[in-house]
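# Inside the fold
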Amino acid sequence: MTENTSPAIDPNTVRELEKARADLVTVRSELKSARAERDTIRGERDEAIKSRDGLKAQFDKQKVDGEKALADANAAVEQAKADAEAATKGATEKANAAVIRAEAKAAAVRLGAVNPEDVVKLIDLGTVKMGENGQVEGLDAVMEAAKESRGYLFSEPSRPGTETGTTKTTPAPKAGDPAPFNAVTADAKDVAANAAALGLRWPPR
């Protein structure tokens, strides 16, 4: 009758098994650390992506705001330029209109207008313009037409005596004629003499 005996365990096998178990624990620990590091890296990556997206959104907003501000500034410049041109044009037109009215009044006087102001108010100066050389253009035709159509506003303009031959001059004093009396420079004696010549009593009582 034979006895069942267990085979003897090789000590080397036990040591190898323990070593394998220890290696497994080490691998598991390293794997856990690797997973934790992986999760940390993923978190950092996600934060970086989030930060990048935030910066991009901020940059895009700043870009849009900057473009809008630039457009608004350009629009303001153009509006200011248009306003300045309109103001200059308006001032120029106003000044030209004043010059044209003054020239029309002077022309009405030359043509013998009874009341030059009325003539200027009644005629149409729309066709009269200021030329590039600063001269009024088209006024003569308008004034002549006004004189023809509104003759009652005009009279025959007076002409100087040199043209009509009616020029009068003060005759030169004759020798021996007394000098005209000058009350400013006369003394009391001269005043009394002049009064006597006029039949007046001097000094008056």
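Presented here is a report on the structure given in the accompanying data block.

Conventions we followed
Residues numbered from 1 in each chain as written. Predicted model: local features only at pLDDT ≥ 70, side-chain atom pairs only at ≥ 80, totals over all residues. Heavy atoms only, no water. Helix = DSSP H or I, 4+ residues; strand = E, 2+ residues; numbered from the N terminus. Contact = heavy atoms within 4.5 Å. Areas by Shrake-Rupley, 256 points an atom, 1.4 Å probe, with all protein chains shown as cover. Salt bridge = Lys/Arg side-chain N within 4 Å of Asp/Glu carboxyl O. Buried < 20%, exposed > 50% of the residue type's maximum accessible area, 1.4 Å probe, protein only. Core = buried A, V, L, I, M, F, W, Y, C linked by side-chain atoms within 4.5 Å. Arc of directions from axis to C-beta.

### Quick notes on the overall build of the protein
Along the protein, the regular secondary structure elements total 5 helices and 2 strands. The linear arrangement of helices and strands in the protein, starting from the amino end, is α-α-β-β-α-α-α. A fraction of 51% describes how many contacts in the protein between residues 6 or more apart in sequence connect residues 24 or more apart. On the protein, roughly 17300 Å² of surface is accessible, and the fraction owed to carbon and sulfur atoms is 56%.

### Points about the pattern of salt bridges
Following the criterion strictly, the structure yields 8 salt bridges and no others. Asp 39 serves as the salt-bridge partner of Arg 38, at 3.2 Å between the closest nitrogen and oxygen. The salt bridge involving Asp 46 is made with Arg 45; its shortest N-O contact spans 3.0 Å. Judged by relative accessible area, which is 40%, Asp 46 ranks as partly exposed.

### Concerning the nonpolar core
Core analysis: the largest hydrophobic core is formed by 17 residues, its most contacted members being Ala 104, Val 119, Ile 123, Leu 125, Leu 139 and Met 143. Secondary-structure elements contributing two or more residues to this core are helix H1 (11-110), helix H2 (116-122) and helix H3 (139-149).

### Quick word on the environment of Arg 101
Tracing the backbone through its elements, the reader meets Arg 101 in helix H1. Judged by relative accessible area, Arg 101 falls into the partly exposed class, the value being 43%. Considering only alpha carbons, one finds Arg 101 and Lys 121, 20 residues apart in sequence, at a separation of 9.0 Å. When residues no more than four places from it in sequence are discounted, the contact partners of Arg 101 are Val 120 and Leu 125.

### Looking at H3
Helical geometry: 3.6 residues make up each α-helical turn, so side chains three or four residues apart lie on a common side. When we look at burial in H3, the residues that qualify are Leu 139, Val 142, Met 143 and Ala 146. The buried residues of H3 occupy one face: seen down the axis, they fall within an arc of 95°. Among the exposed residues of H3, those pointing more than 90 degrees away from its buried face are Asp 140, Ala 141 and Glu 148.

### Some words on the environment of Pro 116
Considering the arrangement of structural elements, one finds Pro 116 in helix H2. Spatially, the C-alpha atoms of Pro 116 and Ala 106 are 7.8 Å apart, while their sequence positions differ by 10 residues. Contacts of Pro 116, omitting those with residues within four sequence positions, involve Lys 105, Ala 108 and Val 109.

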